Amino acid sequence: NHRIDGITEALLFAAARADHVSKVIRPALERGSTVICDRYFDSSVAYQGYSRGLGADKVRELSLWATGNLIPDFTIYLDVPAEAGEQRMVGTDRMEIQSRDFHEAVHQAFREIAAASLYPNVVIDATAPKDDVALAVRDAIDGVLASR
């Protein structure tokens, strides 16, 4: 639905994340498994907090509440400027059809979130060839796992 307002969108993402944490992530962690997610609440902070103008602190607080304060051990941020990201888009989902200004705001938001993060993060230049990006991601994950 392309007509969902920002608050509804933030609540839907928080609800989906709460469900995912309770049904998948926490049980896996309790079993001693390593969990890797392709998105977590920094995405909500960037998209809804910054780019939808709902306030980063409000969306972060909502996300922390929804996940029972489960924060990641670290985050990998694949840094892709909006222009490069637009060239890679293949669909027409709600996020992809947003304006260039929206995507620029998301990109800047992720950079600010990474710089101010309370937990470790790795920023990877995702404009590099995909094999190089994949290797950098693998090296980052291997480094964290090796330190455990």
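Here, every reference points to the structure presented above.
Residues numbered from 1 in each chain as written. Predicted model: local features only at pLDDT ≥ 70, side-chain atom pairs only at ≥ 80, totals over all residues. Heavy atoms only, no water.

## A short note on the overall build of the chain
What counts, and what does not: The secondary structure listing takes helices from DSSP runs of H or I that are at least 4 residues long and strands from runs of E that are at least 2 residues long, numbered from the N terminus. Throughout, exposure labels follow a simple rule: accessible area from a 1.4 Å probe, protein chains only, divided by the maximum for the residue type, with under 20% read as buried, over 50% as exposed, and the rest as partly exposed. Working definition of accessibility: Shrake-Rupley area with a 1.4 Å probe, residue cover restricted to the visible protein chains.
When you go through the chain residue by residue, the secondary structure sums to 6 helices and 2 strands. When the helices and strands of the chain are listed from N to C terminus, the series reads α-α-α-β-α-α-β-α. Going through the 148 residues of the chain one by one, you find that 32% of them count as buried. Surface accessibility of the chain: about 9400 Å² in total, with carbon and sulfur atoms responsible for 54%.

## Overview of the pairing of strand E1 (residues 75–79)
Filter applied, for reference: A pair of strands is labelled paired if DSSP reports no fewer than 2 bridges between them.
Residue alternation in E1 divides its side chains into a buried set, Thr 75, Tyr 77 and Asp 79, and an unburied set, Ile 76 and Leu 78. Bridging between E1 and strand E2 (residues 121–125) involves 5 bridges; their strand directions are parallel. Considered in E2, the bridge of Tyr 77 is made with Val 123.

## Section: the side chain of Gln 48
Selection criterion: N or O atoms closer than or at 3.5 Å make up a polar contact, with two conditions inside protein: a donor-capable atom paired with an acceptor-capable one, and, for residues adjacent in sequence, both atoms drawn from side chains.
If you trace the backbone, Gln 48 turns up in helix H2 (residues 41–51). Within the local environment of Gln 48, its side chain forms a polar contact with the side chain of Glu 9, the two groups lying 2.8 Å apart.

## Quick notes on the pattern of salt bridges
Working definition: two side chains of opposite charge can pair if their charged atoms are close together. Using the following cut-off: Basic side-chain nitrogens of Lys or Arg form a salt bridge, by our definition, when they fall within 4 Å of a carboxyl oxygen of Asp or Glu.
In this structure the tally under the stated criterion is 6 salt bridges. Residue Arg 39 is joined to Asp 38 by a salt bridge in which the shortest nitrogen-to-oxygen separation is 3.2 Å. As far as burial versus exposure is concerned, Arg 39 and Asp 38 are alike and both exposed. Asp 57 is the partner of Arg 60 in a salt bridge, and the nearest nitrogen-oxygen pair spans 3.3 Å. Taken together, the residues span about one helical turn, with Arg 60 and Asp 57 both in helix H3 (residues 56–66) at a distance of 3 residues. Looking at Arg 60, the relative accessible area reads 26%, which means it is partly exposed. Residue Asp 57 is classed as exposed on the basis of its relative accessible area, which comes to 59%.

## What to know about the packing of helix H1 (residues 6–30) against H2
Short version of the rule: All axes here are fitted lines through C-alpha atoms, helices being fitted over the stretch that makes contact, and every angle between N-to-C directions spans 0 to 180 degrees. Orientation is classified from the angle alone, with under 35 degrees giving roughly parallel, over 145 giving roughly antiparallel, 65 to 115 giving roughly perpendicular, and any other angle giving oblique. Between two residues, a contact is recorded if the distance between any of their heavy atoms is within 4.5 Å.
Between H1 and H2, the least distance of the axes is 11 Å, while the angle of their chain directions is 175°. Classed by the angle they form, the pair H1 and H2 counts as roughly antiparallel. For the pair H1 and H2, contact is made by Gly 6, Glu 9, Ala 10, Phe 13 and Arg 17 and by Phe 41, Ser 44 and Gln 48, respectively.

## Digging into the layout of surface pockets
Heads up, the condition is: Both cavities and pockets are sets of points on a 1 Å grid over the protein atoms alone; in a cavity a 1.4 Å probe fits but cannot get out, in a pocket the set is open with protein on both sides within 12 Å along at least five of seven lines, and lining residues sit with an atom within 4 Å of a point. Grid points are joined across faces, edges and corners, and a volume is the space filled by probe spheres set on the points. Note on residue categories: nonpolar means Ala, Val, Leu, Ile, Met, Phe, Trp, Tyr, Cys or Pro, charged means Asp, Glu, Lys or Arg, and polar means any other residue, Gly included.
A volume near 220 Å³ is recorded for the second largest pocket. In this structure, the second largest pocket is lined by Phe 41, Asp 42, Tyr 50, Arg 60, Leu 64, Ile 71, Glu 112, Ile 113, Ala 116, Ser 117, Leu 118 and Tyr 119. Counted by class, the lining of the second largest pocket contains 8 nonpolar, 1 polar and 3 charged residues.

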